[in-house]
Every structure is written in C-alpha cells, then in structure tokens.
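Report on the structure
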Amino acid sequence: MIASQLALVLTVAWVSACGAPTQEPETPSEFTGFEDGGEPALVKPVEAPSTPLTPPDSEQTKSAPLPIADTEQIPPLGSPVERPRPLGNTVEETRTTQVIGEVIRKNRQAFRDCYDQELARSPGLRGNITLHFVLDPKGQVSLSKVNTERTTLTEPGLGKCTLAALNKLQFPPSSRGFESTVNYPFDFKP
C-alpha cells in the first residue's frame, strides 16, 4: 500500500518536473535584475533536457521496504515519557520546598513567640505575614525581608522578630549548589 503510494508520488513529481517539451518563447530572454551599471540584465531561459527522464521502475519501488519506526519502542498514548536530563549537573536537588517547610515547622515556636509578644501589645491581632528569603548553596539565609504584597500584619515589631528567628535557622545545603528563593506564609490567630 505504502509502496504504491510512493510510486504514485514519484510519478507525479516526474511528470511535474519534466512535463511536455516546452517551446522557446518568442522573446529570447527574460528580465532577472540589474547589472552593476544599472541596466537590466537579460538571461536566456533554461532549455528542457533533450532526453526525457524515466520514472522509477514501479516493480522495484513496490518491493523496496520503507523505513518504519519500531512500534515496540514507542510508548502507548498517554503514558509518561522520561525526558532526557540536561547535560552538566544531573544530581537531583535534595533541598526541596518540602524540606525547607519542615525546617520552619520544627522551629515554629520561635515564630509563635514573636506573634505572642505582639499580641500582648495589640489584643485581637490576627492575620498573616509572608517572609521572603534566599538561601545560599550552603543553607544559610543570605537575604530576608517581609513580603509586603502578601502580608496583612504590618506591625514592625512582628516583622523584625520573625526575620530574626528566620535568620537563626540552618537549612540543608543544596545538592546542586543552587540558591533557593522562598516566600513562606505564616497565618497567626489568637
């Protein structure tokens, strides 16, 4: 089936390329551009070959196998495809968001103490504060600040205290030598 379609395509291509013999037009040349002097350059048209091209042998085309991909190597539709890993550092990162969150949760009492101190000054205080910080490849906090766009508690004492508690924490080093940028929200209620 595929071989006969290929033979048909080759035949159509041969007829399109060779076609019927063409006769030379009455004008011996056609315009193709300008020469250096600004005058039009005229070129004689290309003549058709004197011997016509022959189409490929249809029997030979039918028997020639076509390269087809091995269907056993193609995963079924919808199955997960393993992507090739990038060149270079292919170590899997071990300092994930889950690991960072676990370190903060283990030390949450320090953050809660900051909130309780501010709550004593402002009874009924509730809301959230989001800390934005960057961890260097060794696991130290290299930059920390309150993310004011995602924070409803704007008391300066609470911000300073929570940042101080964060800066004391030691996070695991990056297995790939990367920095990690984190926005971590705290939701405080009395």
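For the structure given in this document, a descriptive report is provided here.

The rules we used
Residues numbered from 1 in each chain as written. Predicted model: local features only at pLDDT ≥ 70, side-chain atom pairs only at ≥ 80, totals over all residues. Heavy atoms only, no water. Core = buried A, V, L, I, M, F, W, Y, C linked by side-chain atoms within 4.5 Å. Buried < 20%, exposed > 50% of the residue type's maximum accessible area, 1.4 Å probe, protein only. Contact = heavy atoms within 4.5 Å. Salt bridge = Lys/Arg side-chain N within 4 Å of Asp/Glu carboxyl O. Helix = DSSP H or I, 4+ residues; strand = E, 2+ residues; numbered from the N terminus. Expected span 1.5 Å × (residues − 1). Arc of directions from axis to C-beta. Polar contact = N/O pair within 3.5 Å; in protein donor to acceptor, adjacent residues only side chain to side chain. 1 Å grid on protein atoms, 1.4 Å probe; cavity = no way out; pocket = protein on both sides within 12 Å on 5 of 7 lines; lining within 4 Å. Points joined across faces, edges and corners; volume = space filled by probe spheres on them. Nonpolar A, V, L, I, M, F, W, Y, C, P; charged D, E, K, R; others polar.

Considering the nonpolar core
Counting 24 residues, the largest nonpolar core has Ile-104, Phe-111, Phe-133 and Phe-171 as the members making the most contacts within it. Those residues in contact with Phe-111 that lie beyond four places of it in its chain are Ile-104, Leu-131, Thr-162, Ala-165, Leu-166, Leu-169, Phe-186 and Phe-188.

As for the pattern of salt bridges
Pairs can form between side chains of opposite charge whenever their charged atoms are close. What the rule picks out here adds up to four salt bridges. Across the pair Glu-102 and Lys-106 runs a salt bridge, and its minimum N-O distance is 3.4 Å. Here the residue Glu-102 and the residue Lys-106 both occupy positions in helix α3 (residues 97-106), the gap between them amounting to four residues, near one helical turn.

A few points about helix α5 (residues 156-167)
For α5, built from 12 residues, the straight-helix expectation of 16 Å at 1.5 Å per residue is met to within 8% by its first-to-last C-alpha distance of 17 Å. What α5 keeps buried is the set Leu-158, Gly-159, Thr-162, Leu-163, Ala-165 and Leu-166. The buried residues of α5 occupy an angular sector of 160 degrees when the element is viewed end-on, so they sit on one face. Turned more than 90 degrees from where α5 packs its buried face, Pro-156 and Lys-160 sit exposed. Taken together, the buried residues of α5 touch α4 (108-121), β3 (127-135), β4 (141-146) and β5 (180-188).

Digging into the side chain of Thr-130
Relative to the elements of secondary structure, Thr-130 occurs in strand β3. The buried category is assigned to Thr-130, whose relative accessible area is 4%. Separated by 3.1 Å, the side chain of Thr-130 and the backbone oxygen of Arg-150 make a polar contact. In contact with Thr-130, other than residues within four places in its own chain, are Lys-145, Val-146, Asn-147, Arg-150, Thr-151, Asn-183, Tyr-184 and Pro-185.

A word on the layout of surface pockets
Taken as a whole, the second largest pocket holds about 160 Å³ of empty space. Taken together, Ile-104, Arg-105, Arg-108, Phe-111, Arg-112, Tyr-184, Pro-185, Phe-186, Asp-187 and Phe-188 make up the full set of residues lining the second largest pocket. Those elements giving two or more residues to the lining of the second largest pocket turn out to be α3, α4 and β5. When residues in the lining of the second largest pocket are grouped by element, the largest group, five residues, is from β5. In terms of residue class, the lining of the second largest pocket is built from six nonpolar, no polar and four charged.

Points about the environment of Phe-178
Mapped onto the fold, Phe-178 is located in the loop between α5 and β5. By relative accessible area, which is 40% here, Phe-178 ends up partly exposed. Sequence separation between Phe-178 and Pro-137 is 41 residues; the distance between their C-alpha atoms is 5.1 Å. Those residues in contact with Phe-178 that sit more than four places away from it in its chain are Glu-93, Arg-95, Leu-135, Asp-136 and Pro-137.

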